[in-house]
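Listed below are the residues making up each chain.
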Amino acid sequence: MSVSGTSTRLTPSTREASLEALRQSAATPLDVLVVGGGVTGAGIALDAVTRGLSTAIVEAQDWSSGTSSRSSKLVHGGLRYLQMLDFHLVKEALTERDLLINKLAPHLVKPVSFLYPLEHKVWERAYVGAGVALYDGLATLAPGKRAMPWHRHLSRKGMDRLFPDLRHDAAVGALRYWDASVDDARLVSTLVRTAAGYGAHAASRTQVVELTKNARGRIDGAVLQDLETGEKITAKARHVINATGVWTEDTEALAGGSGGLRVLASKGIHIVVPRDRIRGKVGLILQTEKSVLFVIPWSRYWVIGTTDTPWEQELTHPVATSADIDYVLEHANAVLAEPLTRDDIIGTWAGLRPLLQPGTKEGTSSAKVSREHTVASPEPGLTVIAGGKLTTYRVMAEDAVDFALGAEASQLPSVTSKTPLLGAVGLEAQRNWARTHASTYGWSNAMLDHLFHRYGALVADIVHLCEQDPSLAKPLEHASAYLRAEVSYAASHEGVLHLEDVMLHRTRLVYEERDRGLAALPEIVDIIAPILGWDDERRAAEIASYTARAEAEEAASHDLDDASAEETRLKAADISPMTTLGSH
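The name given to the protein in an unreviewed UniProt entry is Glycerol-3-phosphate dehydrogenase, and the organism recorded there is Sanguibacter hominis ATCC BAA-789. Here is the UniProt Cofactor (unreviewed entry) comment for the protein, exactly as written: "FAD". UniProt annotates the protein under Catalytic activity (unreviewed entry) with the comment "a quinone + sn-glycerol 3-phosphate = dihydroxyacetone phosphate + a quinol".

Draft legend 1. Layout of the overall build of the protein. From N to C terminus, the protein includes 20 helices and 21 strands. On C-alpha atoms alone, the protein measures out to a radius of gyration of 23 Å, which is about the 25 Å that the 2.2 N^0.38 rule sets for 584 residues. Over its C-alpha atoms, taken along the principal directions, the protein stretches across nearly 70 × 55 × 50 Å. Looking at the protein as a whole, 61% of its 584 residues are labelled buried. In the protein, of all internal contacts separated by at least 6 residues, the share reaching a separation of at least 24 is 73%. Here the protein displays about 22400 Å² of accessible surface, and carbon together with sulfur accounts for 53% of that area. Side-chain charges of the protein comprise 60 positive and 73 negative groups, with the mean position of each set lying 7 Å from the other.

Draft legend 2. Quick peek at helix α18 (residues 521-532). Helix length check: α18 (12 residues) gives 16 Å between terminal C-alpha atoms against 16 Å at 1.5 Å per residue, within 8%. Within α18, burial applies to Leu521, Glu523, Ile524, Val525, Ile527, Ile528, Ala529 and Leu532. The inward-facing, buried residues of α18 abut α1 (12-24), β20 (475-476), α15 (484-493), α16 (499-506), α17 (509-512) and α19 (536-556). A positive phi of about 75 degrees marks Gly533, the residue just after α18.

Draft legend 3. Quick look at the nonpolar core. Within the largest apolar cluster, 54 residues are counted, with the highest numbers of intra-cluster contacts made by Leu499 and Ile524. Considering every element that reaches this core, the biggest residue donor is α18, with 7 residues. The contact partners of Ile524, leaving out residues within four places of it in the chain, are Leu476, Val487, Leu499, Val502, Met503 and Leu509. Counting 48 residues, the second largest nonpolar core, distinct from the first, contains Leu10, Val109, Ala195 and Val375.

Draft legend 4. The arrangement of the confidence of the model for the protein in detail. Chain-level statistics for the protein give a pLDDT mean of 93 and a share of 94% at 70 or above. Confidence drops under a pLDDT of 50 for residues 1-6, and excluding neighbours within four residues, the segment shows 10 contacts in the predicted structure. Note on residues 578-584: pLDDT is under 50 here. Beyond four places in sequence and across chains, it has 15 contacts.

Draft legend 5. Just the packing of α15 against α18, in detail. Interhelical geometry of α15 versus α18 gives an angle of 35 degrees and a closest axis separation of 9 Å. In this structure, the crossing between α15 and α18 has a hand that is right-handed. Here Arg484, Val487, Ser488, Ala491 and Ser492 of α15 lie close against α18, whose contacting residues are Glu523, Ile524, Ile527, Ile528, Ile531 and Leu532. Here the residues of the contact of α15 with α18 sort into 7 nonpolar, 2 polar and 2 charged.

Draft legend 6. Up close: helix α14 (residues 459-468). Those residues of α14 that fall on the buried side of the exposure criterion are Val459, Ile462, Val463, Leu465 and Cys466. The buried residues of α14 occupy an angular sector of 155 degrees when the element is viewed end-on, so they sit on one face. With respect to the buried face of α14, the exposed residues turned more than 90 degrees away are Glu467 and Gln468. Where α14 is buried, its residues meet α12 (434-441), α13 (445-455), β21 (479-483) and α15.

Draft legend 7. Expanded view of the packing of aromatic side chains. In the structure shown here, the tally under the stated rule is 7 aromatic pairs. Each ring, one from Phe163 and one from Trp302, has its centre 5.7 Å from the other, and the planes form 55 degrees; the classification is tilted. Note that Phe163 is positioned in the loop between α6 (156-162) and β6 (173-181) and Trp302 in strand β14 (residues 301-305), a separation of 139 residues in sequence. Each residue in the set Phe114, Tyr135, Tyr177 and Phe294 is aromatic and connected to the rest through ring pairs, giving one cluster. Its guanidinium or amino end placed over the ring of Trp349, Lys73 lies 4.3 Å from that ring's centre, counting from NZ or CZ.

Draft legend 8. Just the pattern of salt bridges, in detail. Scanning the model with the defined rule gives 39 salt bridges in all. In this structure, Arg167 engages Asp169 in a salt bridge whose closest nitrogen and oxygen atoms are separated by 2.7 Å. The class of Arg167 is partly exposed, set by a relative accessible area of 28%. Across the salt bridge formed by Lys267 and Asp562, the nearest N and O atoms sit 2.7 Å from each other. Here Lys267 is found in strand β11 (residues 261-274), whereas its partner Asp562 is found in helix α20 (residues 562-569), with 295 residues between them in sequence. When its relative accessible area of 17% is taken as the criterion, Asp562 is described as buried. Salt bridges sharing partners connect three or more residues here, namely Arg205, Glu500, Asp501, Arg516, Arg549, Glu553, Glu554 and Arg569.

Draft legend 9. Spatial organisation of the pairing of strand β13 (residues 292-298). With 7 of 7 residues buried, β13 is to be regarded as a mostly interior element. Here β13 shows two buried faces, one formed by Val292, Phe294, Ile296 and Trp298 and the other by Leu293, Val295 and Pro297. The sheet contact formed by strand β12 (residues 283-287) and β13 spans 4 bridges and is antiparallel. Opposite Gln287, over in β13, you have Val292 as the bridge partner. Joining the antiparallel neighbours β12 and β13 is a turn of 4 residues. Of the strand pairs in this sheet, β13 and β14 are connected by 5 bridges, and their pairing is antiparallel. Bridge pairing links Ile296 to Val303 in β14. Between the antiparallel neighbours β13 and β14 lie 2 residues, among them Ser299 with a positive phi of about 55 degrees.

Cut-offs applied
Residues numbered from 1 in each chain as written. Predicted model: local features only at pLDDT ≥ 70, side-chain atom pairs only at ≥ 80, totals over all residues. Heavy atoms only, no water. UniProt positions renumbered as here; feature names shortened; annotations may be inferred. Helix = DSSP H or I, 4+ residues; strand = E, 2+ residues; numbered from the N terminus. Rg over C-alpha atoms; globule rule 2.2 N^0.38 Å. Buried < 20%, exposed > 50% of the residue type's maximum accessible area, 1.4 Å probe, protein only. Contact = heavy atoms within 4.5 Å. Areas by Shrake-Rupley, 256 points an atom, 1.4 Å probe, with all protein chains shown as cover. Lys, Arg positive; Asp, Glu negative; His and termini not counted. Charge placed at Lys NZ, Arg CZ, Asp CG, Glu CD. Expected span 1.5 Å × (residues − 1). Core = buried A, V, L, I, M, F, W, Y, C linked by side-chain atoms within 4.5 Å. pLDDT = per-residue confidence, 0-100. Axes fitted to C-alpha atoms, helices over the stretch in contact; angles between N-to-C directions. Left-handed = near helix turned anticlockwise from the far one by under 90°. Nonpolar A, V, L, I, M, F, W, Y, C, P; charged D, E, K, R; others polar. Arc of directions from axis to C-beta. Phe/Tyr/Trp six-rings, centres within 6.5 Å; stacked < 30°, edge-to-face > 60°. Lys NZ or Arg CZ within 6 Å of the ring centre and 35° of its normal. Salt bridge = Lys/Arg side-chain N within 4 Å of Asp/Glu carboxyl O. Pairing = 2+ DSSP bridges.

So this is what it looks like as structure tokens:
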């Protein structure tokens, strides 16, 4: 099946068709059922379906709702692994980084350069320089075209030209090196849509509540609950793959056994400040006593983070506390000439890293282990993958499907290293039309860059919407970085079921606007309600739910500790499934 036309749309209708396929699997089992709609699960779905395997993927929340929408948004090799002498891991990640830039997702993954400030003229320059040279050298060993420039040594004057707001006493010079950035949530939604285009069945807001076994004790499927209606569906599959990140152990427990992988959650937070607040053309990487701190140029903003602290609260709604924010500000201000204050912060987010613990539980068959991820089988028929990072999602997906298939894998090898994601094919041809689009709709170069970075060749879909309804070519009144057409497209093509899906994952208005996008809600709902068939009652319920969420997250950011902040955040209930009854 080719990736084209309506097959790549995710809509309430295609979701229902996927649920029907899952119902039908009780009679004709699927080859693979993927549990978890983050980057790893989405990658697994694409890997499996492009091997010719009948595949379904389910996610209990919206696509990428967990860790995969709350990362540092970096696609990188991991300089810190060189300190651990893990050259294979670094080379693997750099290979994947360059593959994404050169072939798989050149529209989504973009080069970004960083300064590594140096405090000592001689020994530190030599030591860090050798490490970064090795980093670049390992990238050169990767197959294919080199995607990044070589690193450069900079004097204090050269450093000042690139980052005028770096304090003069903070460094004597710097190293400039290149990695890449990505909108993590868009990568996930693009993976899911690409997989759907090849025939995968995709259903968000669909939770696994039980893993089923056949008479021989082998996992042969799952009982799913449609969280939009409450319906329970029994789905059958030859292989079930658990890719639920920080929920790994919860999902394993549904099998009723005691084996599996051990995963702990570690919280990392980021703050967002306006781009004009810090004078700099590149990013910064800073070593702290606890972790690495990045100052990342991101669109119209700077993203600054992260932290690394144990998280012992519920897993769905981690929040940045006042103490977390103060920590990031303190370490950023240590090198900035013009210190940041709380008033400079537009937004924050918190995510949970799924930290894989050494070893596996008793009775687990484990075949593929790296420093970053492990694939294991706690029960026959169930494959579990945990750990890893955004950059190596494709390798993780390949490992998981290979392990699930066993000997069968040699007959059905992975082809994802040669499978461009939706929007990659035809990118240059669409770029050649950019001037025409700008002239027709009055779009600035910044708007064109924004559109191509989000949609790639699918900009043609956005233009088509504007041709049908010229009012969609205009920016949102209270969120002018986004076109009205983008909101319409999210509802008609990108699997939106709720208003919060638009605010959190199809756009990032939840932290890109100081009011978390509240002023834009009426216009956004006016655009998506006719597409999704919402009546006035549903509109009001969706606005009320997102508003409560936004206000609770803002209030939580003023609490000092995780327990207090989480209590504050959970005062806002999740969107109720009952509000969706009869709306599709």
